[in-house]
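Residue-level listing of the chains:
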Amino acid sequence: MIALLPPIDRDRRVALLLSGPAGLILLALFALPLGLLFAVSLQAPPGTPPGPSLAAYERLLTTPHHLGAVWNSVKLSLAVTVLTLLVGYPASFAIARAKGRWRSLMLGCLFLPLSASVIVKAFAWTILLRSSGIVNTVLLGLGIVDAPVRMIFTETALIVGAVNVFLPFMILPVYAVVAQLDPRLSEAAATLGANPAAGFLKVTLPVTMPGIVAGVALVSALSVSAYVVPTLLIGERYPTLASTIAKAYLLTREPAFGAAAGVVLLVIAVAIVVLSSRLAREGRA
Amino acid sequence: MRTAALAFSWAMAILACLFLLAPLLVIAAASLSPTPVFDLPVGGASWRWYGRIASLEGFWPALWLSVQIALLSTALSLVAGTMAAAAIVRGRLPGAEAFAAALVSPLMMPGLVLGIAMLQYFRGIGFTASWPALLLAHLVITLPYVARTMIAGMSRFDFTLIEAALTLGCTWPQSVLRVMIPALAPSFLVAGLFSFLASFDNYPVSIFLTDVRTKTLPIKMLQYIEEAPDPTLAALSTLILLGTLVLLVIADRAVGLSRMAGTGE
């Protein structure tokens, strides 16, 4: 391993050499393909004079059906982000306060689903939410409903499944901040006369804000591009940007249109990440 | 009020844990279903679905392909990512911070966008072989996980230990092999684990790079689910879950879940 040959601290060339392979992967397999994707999205539609054209973007952003798909992706992302934050934020405090075996157990409850395949989890929700599935059996058995409720292939199923898949991505970043929090901080606030609500708003919330921002960025960027969960839990009835991309490439063979949808999705995801890191920086300053 | 808040936070944590485990438990239960329609094994479990996994059409080639791609891309990313992390943490690398951010950036990239970008690119340069295309694409999927973990791991590593080893008469390669590699072993393990799982599970990138004969396991599984779901799939999913559980227990013993979570790895 040349990683630590003596000159590393002194010689810029060794550092460049070391970062070569990773840099090459990033350039040849990430930056160039994305650049090409952008170029393809500007291709003129067949039958029109060649040259850069915004036709694909125009079609995506003016056709009501496709605009609906963009909105569906954003709506899903918003709903999932809000719900995971509402559950995940308080939950991470209990996990951080838990001791020894309890903490390991709860972290295990986060890591096992996180490591499990999205396909497996979405498949499980199709079993749970079927008309003759477990949720309906329980609801019927408890007398809460008289007839099986249609859940699979509804927005409810989609949101339940998506929250389930993305919840660990909210809890872990928040937990990472809360675990380092000094519990004496809120005690100090109380000693100084702050009532619990004010103590929370003025001390705990601002201190944990970096964790919230990280979790919100991660969950909203991941869920805006979710593909497997909507495919299995709601299907064709709920077109998303992701399904528009997949369809354009795998079914209708319209690369320029698919690429334009990809660029739009990319811009949304990057905007989320950039905005939230700026928010986090301002919060710290 | 404080007690109420604490009770609320515990309630949410327990709720979250149950909610997160629910689909996994359901899959395990459905894999023992006595009938072909996912009944819960109340009154009598059946193991026959496990016996049928091996006879799923195209299962063995898909599993073998996924394992190959995941192992190879993880190994290559570990080498490239560790070297880059060393340069970023220790070297006089111009723009080290930007390079570190760029290395991790594919993590935030929508998988499908990466997939179609790769497809266009490989087509454009006339590179149509599915297997190498999958491997190259999975390098981009796995490298950010390795880079993130190894940069964090190396920032915590005390490089004066290397100097100490040198003073005590070790050569450079010896001090790296005997001091640095063992000290970084937990980081290697976590990086390797996350990178392997990210590749092994990947659907949105692989779907654009497979052909009729080259299909990874996630693609085969989604195809089975859409065509004819039966408890055989639940049995297969349960086996994958058990495999993941074993990897996690090993990681917990070696590193500790708390540290894996606390450092954002």
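Residues numbered from 1 in each chain as written. Chains lettered and ligands numbered in written order. Predicted model: local features only at pLDDT ≥ 70, side-chain atom pairs only at ≥ 80, totals over all residues. Heavy atoms only, no water.

Looking only at helices and strands, chain A has twelve helices and zero strands in total. Counting helices and strands in the order they occur from the N terminus, chain A gives α-α-α-α-α-α-α-α-α-α-α-α. Since a compact globule built from 285 residues should have a radius of gyration of about 19 Å, the 24 Å found for chain A marks it as more spread out than a globular shape. The burial tally for chain A puts 48% of its 285 residues in the buried class. Within chain A, residue pairs in contact and separated by at least 24 positions form 69% of the contacts whose partners lie at least 6 positions apart. Summed over all atoms, the accessible surface of chain A reaches about 13300 Å², with 70% contributed by carbon and sulfur. Considering chain A, the positive charge centre built from 20 side chains and the negative charge centre built from 10 side chains are found 5 Å apart. (Helix = DSSP H or I, 4+ residues; strand = E, 2+ residues; numbered from the N terminus. Rg over C-alpha atoms; globule rule 2.2 N^0.38 Å. Buried < 20%, exposed > 50% of the residue type's maximum accessible area, 1.4 Å probe, protein only. Contact = heavy atoms within 4.5 Å. Areas by Shrake-Rupley, 256 points an atom, 1.4 Å probe, with all protein chains shown as cover. Lys, Arg positive; Asp, Glu negative; His and termini not counted. Charge placed at Lys NZ, Arg CZ, Asp CG, Glu CD.)

On to the pattern of salt bridges, then. Residues and elements named next belong to chain A. With the rule as written, the count across this model stands at three salt bridges over all chains. Two residues, R59 and E254, come together in a salt bridge whose shortest N-O distance is 3.0 Å. Separated by 195 residues along the polypeptide, R59 in helix α2 (residues 55-62) and E254 in the loop between α11 (241-250) and α12 (255-284) bring together distant segments of the chain. The class of R59 is partly exposed, set by a relative accessible area of 34%. For E254, a relative accessible area of 27% translates into the label partly exposed. (Salt bridge = Lys/Arg side-chain N within 4 Å of Asp/Glu carboxyl O.)

Look at the UniProt record and you will see "transmembrane region" (unreviewed entry) annotated at residues 63-86, 98-122, 128-147, 179-200 and 232-251 of chain B. Annotation note: span residues 63-86 of chain B, helix share 100%, strand share 0%, distance between end C-alpha atoms 34 Å. (UniProt positions renumbered as here; feature names shortened; annotations may be inferred.)

Before going further, it helps to examine the UniProt feature "domain: ABC transmembrane type-1" (unreviewed entry) in chain B. As annotated in UniProt, the feature "domain: ABC transmembrane type-1" (unreviewed entry) corresponds to residues 63-251 of chain B in the numbering used here. Annotated as residues 63-251 of chain B, this span is 78% helix and 0% strand, and its ends, taken at the C-alpha atoms, are 23 Å apart.

What follows covers the UniProt feature "transmembrane region" (unreviewed entry) in chain A. Residues and elements named next belong to chain A. The sites that UniProt annotates as "transmembrane region" (unreviewed entry) are residues 14-40, 76-95, 107-128, 158-178, 212-235 and 256-275. End C-alpha to end C-alpha, residues 14-40 measures 37 Å, and it is 100% helix and 0% strand. For residues 212-235, the helix share is 79%, the strand share is 0%, and the end-to-end C-alpha distance is 31 Å.

Another point: the interface of chain B and chain A. With 85 residues of chain B in contact, the opposing surface of chain A contributes 93 residues. Note on chain B versus chain A: buried area summed over both sides is about 7900 Å², and carbon and sulfur give 83% of it. At the junction of chain B and chain A, the tally comes to zero salt bridges. Linking chain B with chain A are five residue pairs in polar contact (both at pLDDT 80 or more), by the criterion used here. The leading source of residues in the side of chain B that touches chain A is helix α1 (residues 2-30) of chain B, at 17 residues. For the side of chain B that touches chain A, a count of residues per class yields 70 nonpolar, nine polar and six charged. (Buried area = accessible area lost by both parts, 1.4 Å probe. Polar contact = N/O pair within 3.5 Å; in protein donor to acceptor, adjacent residues only side chain to side chain. Nonpolar A, V, L, I, M, F, W, Y, C, P; charged D, E, K, R; others polar.)

Moving on, we come to a nonpolar patch on the surface. All names here are of chain B. Together, L189, V246, L247 and I250 make up a nonpolar patch on the protein surface, roughly 300 Å² of accessible area in all. Note on placement: L247 falls in helix α10 (residues 231-254). On the basis of relative accessible area, L247 is assigned to the partly exposed category, the value being 30%. (Patch = residues over 30% accessible without salt bridge, like charges linked within 9 Å, V, L, I, M, F, W, Y side chains within 5 Å.)

With that settled, the discussion passes to the domain arrangement of chain B. Residue and element names in this part refer to chain B. Taken domain by domain, chain B holds domain 1 (22-53 + 230-265) and domain 2 (58-222). Computed over C-alpha atoms only, the centres of domain 1 and domain 2 are separated by 26 Å. For the pair domain 1 and domain 2, the two sides together bury roughly 1400 Å², of which 74% comes from carbon and sulfur. Applying the counting rule to domain 1 against domain 2 returns zero salt bridges. Between domain 1 and domain 2 we count zero residue pairs in polar contact (both at pLDDT 80 or more) in total. The element that contributes the greatest number of residues to the side of domain 1 that touches domain 2 is α10, accounting for nine residues. Residue composition of the side of domain 1 that touches domain 2, by class: ten nonpolar, four polar and two charged. (Domains from an automatic or database assignment.)

The next thing to look at is the state of the cysteines. Here the structure, examined in full by the defined rule, presents zero disulfides over all chains. Just so you know, C17 of chain B is unpaired, no disulfide at all, and the nearest cysteine sulfur is the one on C109 of chain A, 3.8 Å from it. Given a relative accessible area of 9%, C17 of chain B falls into the buried group. (Disulfide = S-S within 2.5 Å.)

Below, the discussion takes up the nonpolar core. Of all hydrophobic cores here, the largest spans 171 residues; its most connected members are Y249 of chain A together with L103 of chain B. Beyond its immediate stretch of four places on either side in the chain, Y249 of chain A contacts L37, V40, P255, G258 and A259 of chain A together with I116, L119, Q120 and F208 of chain B. (Core = buried A, V, L, I, M, F, W, Y, C linked by side-chain atoms within 4.5 Å.)

This brings us to helix α5 (residues 111-124) of chain B. Residues and elements named next belong to chain B. The first and last C-alpha atoms of α5 sit 20 Å apart over 14 residues, in line with the 20 Å expected at 1.5 Å per residue. Of all 14 residues in α5, twelve are buried, a share of seventy percent or more. Taken residue by residue, α5 has G111, L112, V113, L114, G115, I116, A117, M118, L119, Q120, Y121 and F122 as its buried positions. Just downstream of α5, G126 is the residue with a positive phi angle, here 70 degrees. (Expected span 1.5 Å × (residues − 1).)

Within chain A, residue pLDDT values average 84, and 94% of them lie at 70 or more. For chain A, per-element mean pLDDT is lowest for helix α8 (residues 184-191) of chain A, which scores 71, and highest for helix α3 (residues 64-97) of chain A, which scores 92. (pLDDT = per-residue confidence, 0-100.)

Attention shifts here to unusual backbone geometry. Note on backbone geometry: most residues besides glycine have negative phi, and most peptide bonds are trans. With a phi close to 55 degrees, R253 of chain A is a non-glycine residue in the positive phi region. You can see R253 of chain A is positioned in the loop between α11 and α12.

A separate point is the domain arrangement of chain A. Residue and element names in this part refer to chain A. Here the domain parsing of chain A yields domain 1 (1-41) and domain 2 (54-284). Relative to domain 2, the C-alpha centre of domain 1 lies at a distance of 33 Å. Facing five residues of domain 1, the contacting portion of domain 2 comprises nine residues. Looking only at domain 1, the three residues that lose the most surface to domain 2 are L37, V40 and S41, adding up to 80% of its buried area. On inspection of domain 1 and its partner domain 2, the count reaches zero salt bridges. On the surface where domain 1 and domain 2 come into contact, there are one residue pair in polar contact (both at pLDDT 80 or more). A class-by-class count of the residues in the side of domain 1 that touches domain 2 yields four nonpolar, one polar and no charged.

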